[in-house]
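Each chain, written out:
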Amino acid sequence: MESILTSIKKMLDIVEEDEHFDPDIIMHINSVFMILTQLGVGPPEGFRIEDKTSSWTDFIEDTTKLELVKSYIHLRVKLLFDPPTSGAVMESINRMITEFEFRLNVAVDPEQSV
């Protein structure tokens, strides 16, 4: 059972034991979950975490989408929590987010790819 909070912290280069930023990171993760709900990914009623006890499979059991969801949440949280100072890096991340949103939309509704 992989913790959502712990894995996002790891991707942000924050060690699990450092809990100083947890409230901020949790807030940003939950904001991204709202976006995913609007995209049709995850539970229809929405999803949120409160601490490190929530796992990825609590949110989505479809392992074909799970890795993309992890990457998407990481990039979104990174932009909210620790945005890059370089405009080129910011643009690149935004392009990846747009690509991930398209791919998630297609995974939820394959008719959109036509």
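What comes next concerns the included structure. (Residues numbered from 1 in each chain as written. Predicted model: local features only at pLDDT ≥ 70, side-chain atom pairs only at ≥ 80, totals over all residues. Heavy atoms only, no water.)

Focus: the nonpolar core
In step 1: Grouped together as the largest cluster of nonpolar side chains are 29 residues, with contacts concentrated most on Ile29, Leu36 and Ile73.
In step 2: Ignoring anything within four residues of it in the chain, the contact list for Ile29 reads Ile4, Leu5, Ile8, Ile49, Ile73 and Val77. (Core = buried A, V, L, I, M, F, W, Y, C linked by side-chain atoms within 4.5 Å. Buried < 20%, exposed > 50% of the residue type's maximum accessible area, 1.4 Å probe, protein only. Contact = heavy atoms within 4.5 Å.)

Points about the packing of aromatic side chains
In step 1: By the definition in use, this model includes four aromatic pairs.
In step 2: On the numbers, 5.4 Å between centres and 75 degrees between planes, the contact of Phe21 with Phe81 is edge-to-face. Of this pair, Phe21 sits in the loop between helix H1 (4-11) and helix H2 (22-39) while Phe81 sits in helix H4 (residues 63-81), placing them 60 residues apart in sequence.
In step 3: Accessibility expressed as a relative area gives 31% for Phe21, which makes it partly exposed.
In step 4: By relative accessible area, Phe81 is classed as partly exposed at 22%.
In step 5: For the pair Phe33 and Phe47, a centre-to-centre distance of 5.0 Å together with 80 degrees between the ring planes defines the contact as edge-to-face. Note that Phe33 is positioned in helix H2 and Phe47 in the loop between H2 and helix H3 (56-59), a separation of 14 residues in sequence.
In step 6: Through pairs of rings, three or more aromatic residues link up here, namely Phe33, Phe47 and Phe59. (Phe/Tyr/Trp six-rings, centres within 6.5 Å; stacked < 30°, edge-to-face > 60°. Helix = DSSP H or I, 4+ residues; strand = E, 2+ residues; numbered from the N terminus.)

Looking at the pattern of salt bridges
In step 1: For the structure shown, the criterion picks out nine salt bridges.
In step 2: The closest approach of N and O atoms between Lys70 and Glu2, which form a salt bridge, is 2.7 Å. With a gap of 68 residues between them, Lys70 in helix H4 and Glu2 in the segment before H1 connect regions that are remote in the sequence.
In step 3: Owing to a relative accessible area of 11%, Lys70 belongs among the buried residues under this scheme.
In step 4: Owing to a relative accessible area of 41%, Glu2 belongs among the partly exposed residues under this scheme. (Salt bridge = Lys/Arg side-chain N within 4 Å of Asp/Glu carboxyl O.)

Examining the packing of H2 against H4
In step 1: Their axes nearest at 9 Å, the elements H2 and H4 cross at an angle of 130 degrees. As judged from the angle between their axes, H2 and H4 are oblique. For the pair H2 and H4, the crossing hand works out as right-handed. Residues Asp24, Ile25, His28, Ile29, Val32, Phe33, Ile35, Leu36 and Leu39 of H2 form the contact with H4, whose own contacting residues are Val69, Tyr72, Ile73, Arg76, Val77, Leu80 and Phe81.
In step 2: Its residues assigned to classes, the contact of H2 with H4 comprises 13 nonpolar, one polar and two charged. (Axes fitted to C-alpha atoms, helices over the stretch in contact; angles between N-to-C directions. Parallel < 35°, antiparallel > 145°, perpendicular 65-115°, else oblique. Left-handed = near helix turned anticlockwise from the far one by under 90°. Nonpolar A, V, L, I, M, F, W, Y, C, P; charged D, E, K, R; others polar.)

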